Amino acid sequence: MTVCKPYMTPSNCGTKQGYHIASFVGNNFRELAERCGKGRSARRLLKGDYKVFNVPKADGGQREIFAPKPLTKVLQHQVLAELIEPELDRAVLGNSVPHGFIKDRSTRTLAEHAAGIARTGRRMTALGIDLKKAFPTISSKRTKGLIRALAPSLNGWQQHVLTRVLTYKGELATGSPTSPAILNLALRKADRRLNQLAKAYGGRAYRYADDIVLLVDTHDENKIAVIQKLIRKIIIDEGFIPHPTKHYLTRLGVDSPAAEIVGLRLKLGSFGTSKATRNRLRGLRFLASLGYGNKYRYLGLRNYVEYNTC
């Protein structure tokens, strides 16, 4: 096994899978302190070295973000590359449900899949629901179990250190580069069950991060009510919380000619950017022209709209 020298980051150690992390973390606190350069840095790493700040949400509230400090972020990226991404690549192979934070998938690929299902001549209903506090729902205990499953060769100390690095105050940190991938792995079983439910009614299930969408081939109110109850039951069974207010139901061609899913407007057989997103883009562009607001938010949203309407 390659041994890291003091003051080196995990990415500078070894080349074989599992060696970077194990070598950097060591077998006890003294070895970890040597890799970090001093004991103070090692203690901060174990405590949770994050910068905490708030960003505005679309509904007017505030979202708390935990941004990892440099050393913590380096180790998180190493865990992502060595342990999580290889398993995630295997998990999504042949699985069309997740589209968020996965290579070669996006809101556009989700909409393309959904538009193919919602073709003309079918009585499609779009059922959407959000997960409440999806990242904080994944506890340190659950994260440690995932690490143990992904890297059984790591000893107890190493699993403990990685758990502390990937979580903050006992929960998965919102803002960590590893959190979206861990969420995708934690939702594997839920994705499979939701897709089986949607297929039973002639449709498919899709998910972008914590946004879940089921397209089903029915307008029957009784059937839709049963499906909604089953969706909530599956989410709760898998250890997550369905959001009490963020949910919708749209009968395509009846209630509306289109349904908005993950910021895109899905019609029968086609999709495009929603009117709300376009209006928001115009507002940000106007503020940016006057020198107000954040021009990078405008540029990011403009690129999103161009990508999803090209």
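The subject of this paragraph is the packing of helix H7 (residues 140–150) against helix H8 (residues 156–166). Where H7 contacts H8, the axes come no closer than 9 Å and their chain directions differ by 130°. Judged by the angle between their axes, H7 and H8 are oblique. By crossing handedness, the relation of H7 to H8 is classed as right-handed. Contacts between H7 and H8 pair Ser140, Thr143, Lys144, Ile147 and Arg148 from the former with Gln159, His160, Leu162, Thr163 and Leu166 from the latter. For the contact of H7 with H8, a count of residues per class yields three nonpolar, five polar and two charged.

In this section: the nonpolar core. Counting residues in hydrophobic clusters, the biggest one holds 53 residues, and the most contacted among them are Leu32, Leu83, Ile84, Leu162, Leu214, Ile231 and Phe240. Top contributing element to this core by residue count: helix H4 (residues 70–92), with seven residues. In contact with Ile84, other than residues within four places in its own chain, are Val79, Leu150, Thr178, Ala181, Ile182 and Leu185.

The next subject is the sheet that holds strand S3 (residues 124–131). In spatial order, the strands read S6-S7-S3-S8; together these four strands make up an open sheet with antiparallel pairing. In this open sheet, the two strands that pair with only one neighbour each are strand S6 (204–208) and strand S8 (242–251). Each adjacent strand pair in this sheet contributes to an overall mean axis angle of 15°, direction not counted. Looking at chain direction, S3 and strand S7 (residues 211–217) are connected through seven bridges and run antiparallel. Paired with Gly128 across the two strands is Val213, which belongs to S7. Each of S6 and S7 is contacted by helix H10 (residues 188–200), which is oriented at about 145° to S6, the strand it contacts most.

This part is about the pattern of salt bridges. In the structure shown here, the tally under the stated rule is eight salt bridges. The partner of Arg44 in a salt bridge is Asp49, with the nearest N and O atoms 3.2 Å apart. A relative accessible area of 39% places Arg44 in the partly exposed class. Members of the salt-bridge network, linked through shared partners, are Arg193, Lys233, Asp237 and Glu238.

A word on the side chain of Asn95. Mapped onto the fold, Asn95 is located in the loop between H4 and helix H5 (107–117). A distance of 3.1 Å separates the side chain of Asn95 from the backbone nitrogen of Val97, its partner in a polar contact. Once you skip the residues sitting within four places of it in the chain, Asn95 turns out to touch Arg105 and Asp191.

Glancing now at the pairing of S3. When a strand is regular, its side chains alternate between the sheet's two faces. Most of S3 sits out of view: eight of its eight residues are buried. What you see with S3 is no split at all: Met124, Ala126, Gly128 and Asp130 on one side and Thr125, Leu127, Ile129 and Leu131 on the other are buried throughout.

Quick look at helix H11 (residues 221–237) now. Counted at 1.5 Å a residue, the expected span for H11 with its 17 residues is 24 Å, and the 24 Å between its end C-alpha atoms agrees. Buried residues belonging to H11 abut S3, H10, S7 and S8. Capping the start of H11, Asp220 holds a side-chain oxygen 3.0 Å from the backbone nitrogen of Asn222, two or three residues further along. Among the residues trailing H11, Gly239 stands out with phi positive, at a value near 85°.

This part covers the pairing of S7. Across the seven residues of S7, five count as buried, placing the element largely inside the fold. Across five bridges, S6 lies against S7 in antiparallel orientation. Across the sheet, the residue bridging to Tyr208 is Asp211, located in S7. The antiparallel pairing of S6 with S7 creates a hairpin that spans two residues between the two strands, and Ala209 there sits at a positive phi of about 60°.

What counts and how
Residues numbered from 1 in each chain as written. Predicted model: local features only at pLDDT ≥ 70, side-chain atom pairs only at ≥ 80, totals over all residues. Heavy atoms only, no water. Axes fitted to C-alpha atoms, helices over the stretch in contact; angles between N-to-C directions. Helix = DSSP H or I, 4+ residues; strand = E, 2+ residues; numbered from the N terminus. Parallel < 35°, antiparallel > 145°, perpendicular 65-115°, else oblique. Left-handed = near helix turned anticlockwise from the far one by under 90°. Contact = heavy atoms within 4.5 Å. Nonpolar A, V, L, I, M, F, W, Y, C, P; charged D, E, K, R; others polar. Core = buried A, V, L, I, M, F, W, Y, C linked by side-chain atoms within 4.5 Å. Buried < 20%, exposed > 50% of the residue type's maximum accessible area, 1.4 Å probe, protein only. Pairing = 2+ DSSP bridges. Salt bridge = Lys/Arg side-chain N within 4 Å of Asp/Glu carboxyl O. Polar contact = N/O pair within 3.5 Å; in protein donor to acceptor, adjacent residues only side chain to side chain. Expected span 1.5 Å × (residues − 1).

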